[in-house]
Amino acid sequence: TQTPHVFYMGATGGGVWKTEDYGSSWNNISDGYFKSPSMGAIRVAPSNPEVVYAGTGSDGLRSNVISGDGVYKSVDAGKSWKHIGLEKSGHIGAVEIHPTDENTVFVAAIGQAFSRNKQRGLFRSKNGGTDWEHVLALSDSTGIVDVEFHPTNPNILYASAWRAERKPWTIISGVGEDGIYISKDGGDTWNELSNGLPSRMGKIDLAVSKAAPDVLYALIESTAEEAGLFRSDNQGASFERVSDRLALLDRPFYYCNVDVDPNDIDLVYVSATRLHKSTDGGKSWKTMSTPHGDNHDIWINPDNSQLMVQGNDGGANV
């Protein structure tokens, strides 16, 4: 937010790109540093725009997805990069950095897409990526696909677990361990949330907003009877389904992405084949026109909700 004209974009097979002029021109900044071109998540430290963490391995688990090789860090706004570990984590769904401490970072590792492996789950570093703690480990087949800080209390975090394994002809998505977890001690211990949630869940994406810090949105893959957008107004103590619109969850293994405006808790976006927008907390929806279909992510400037960058299969759109 200190440099509103600067955006970073991660591609499924093209590495990391950066613009310094609101998207008028882009330059690749990962070539020569990254061993994998497949990107899962990029975060700039809120307390220091020079510090950028990039998690490799796309979370859109198509049958032709490219595996990642862990996490990279830049301390000069992307001019150079250093590999900082988790090289066997496969695919990374989210990276979140503590709001006031650039050295405390969480990485949501989905795991390897085509096989079981132990390096999946939620990892935390308190020293800028030198060392990693496996703070939420469920099994060698269930990873973590998303993590979010509570907007005003960084000791509270939410994480969503996803059992995913890709076959050439299908995807295994969801098992008993899938669900939403909460920590109230900075990630040391975790408890599963269940009140009002589906009995069986697959891929889950989470969204929070400083406009109403105790609200948690969850877009949840499940059976046709139970899937949809869920909302909690009490830090996950209870949820209610606010939408069962099927278009919000088409091809969830490839999409499943919800974002909420940082200044309006009822302004919600869902990225799927089309881009969906709700102005009443998810009760009603309209589709937005984007330059290309297959929408995957949105970032909204927390100081100015009018300014956003949106990623789809046609690239980045500011």
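Refer to the structure above for everything that follows.
## A closer look at the pairing of strand S9 (residues 105-111)
So, step 1. In terms of residue burial, S9 counts as a mostly covered element, since seven of its seven residues are buried.
So, step 2. Strand direction decides the pairing type here: strand S8 (residues 91-97) and S9, joined by six bridges, are antiparallel. Counterpart to alanine 94 in the pairing with S9 is alanine 108.
So, step 3. In this structure, S9 lies alongside strand S10 (residues 121-125), joined through five bridges in antiparallel fashion. Its bridge partner being in S10, phenylalanine 106 is matched across the sheet by arginine 124.

## A few points about unusual backbone geometry
So, step 1. For tyrosine 22, which is not a glycine, the phi torsion comes out positive at approximately 60 degrees.
So, step 2. Structurally, tyrosine 22 can be placed in the loop between strand S2 (16-19) and strand S3 (27-28).
So, step 3. Even without glycine at this site, leucine 86 takes up a positive phi of about 55 degrees.
So, step 4. Relative to the helices and strands, leucine 86 resides in the loop between strand S7 (82-83) and S8.
So, step 5. Judged by its relative accessible area of 6%, leucine 86 is buried.

## Section: the sheet that holds strand S17 (residues 204-207)
So, step 1. Strand order across the open sheet formed by four strands is S17-S18-S19-S20, with antiparallel pairing between neighbours. Two strands in the sheet have a free side with no partner beyond their single neighbour: S17 and strand S20 (240-243). Pairwise comparison of adjacent strand axes, ignoring direction, gives a mean angle of 30 degrees for this sheet.
So, step 2. In terms of strand pairing, strand S19 (residues 228-232) meets S20 through three bridges, oriented antiparallel. Along S20, the bridge assignment pairs arginine 231 with glutamate 240.

## Looking at the sheet that holds strand S11 (residues 133-136)
So, step 1. An order of S8-S9-S10-S11 is seen for the four strands of this open sheet, with the pairing classed as antiparallel. Of all strands in the sheet, those bounded by a partner on one side alone are S8 and S11. Recorded for the sheet is a direction-independent mean angle of 30 degrees between the axes of neighbouring strands.

## Details of the side chain of serine 141
So, step 1. Residue position: serine 141 is located in the loop between S11 and strand S12 (142-149).
So, step 2. On the basis of relative accessible area, serine 141 is assigned to the buried category, the value being 7%.
So, step 3. The residues touching serine 141, leaving out its near neighbours within four places in the chain, are Arg116, Arg120, Trp162, Arg163 and Ala164.

## Some points on the nonpolar core
So, step 1. Within the largest apolar cluster, 17 residues are counted, with the highest numbers of intra-cluster contacts made by Tyr217, Leu219, Leu229, Val258 and Val268.
So, step 2. Sorting the residues of this core by element identifies strand S18 (216-220), strand S21 (257-261) and strand S22 (264-271) as the ones contributing at least two each.

## Description of the pattern of salt bridges
So, step 1. Applying the stated rule across the entire model yields nine salt bridges.
So, step 2. Its salt-bridge partner being aspartate 59, residue lysine 203 comes within 4.0 Å of it at the nearest N-O pair. Highlighted residues: lysine 203 in the loop between strand S16 (191-193) and S17 and aspartate 59 in the loop between strand S5 (48-56) and strand S6 (71-74), separated in sequence by 144 residues.
So, step 3. Since its relative accessible area comes to 1%, lysine 203 is described here as buried.
So, step 4. For aspartate 59, a relative accessible area of 21% corresponds to the partly exposed category.
So, step 5. We note a salt bridge from arginine 124 to glutamate 133, for which the minimum N-O separation is 3.1 Å.
So, step 6. On the accessibility criterion, arginine 124 (3% relative accessible area) is buried.
So, step 7. Among the charged side chains, a salt-bridge network with shared partners connects Arg124, Glu133 and Asp188.

Analysis parameters
- Residues numbered from 1 in each chain as written.
- Predicted model: local features only at pLDDT ≥ 70, side-chain atom pairs only at ≥ 80, totals over all residues.
- Heavy atoms only, no water.
- Buried < 20%, exposed > 50% of the residue type's maximum accessible area, 1.4 Å probe, protein only.
- Helix = DSSP H or I, 4+ residues; strand = E, 2+ residues; numbered from the N terminus.
- Pairing = 2+ DSSP bridges.
- Axes fitted to C-alpha atoms, helices over the stretch in contact; angles between N-to-C directions.
- Contact = heavy atoms within 4.5 Å.
- Core = buried A, V, L, I, M, F, W, Y, C linked by side-chain atoms within 4.5 Å.
- Salt bridge = Lys/Arg side-chain N within 4 Å of Asp/Glu carboxyl O.

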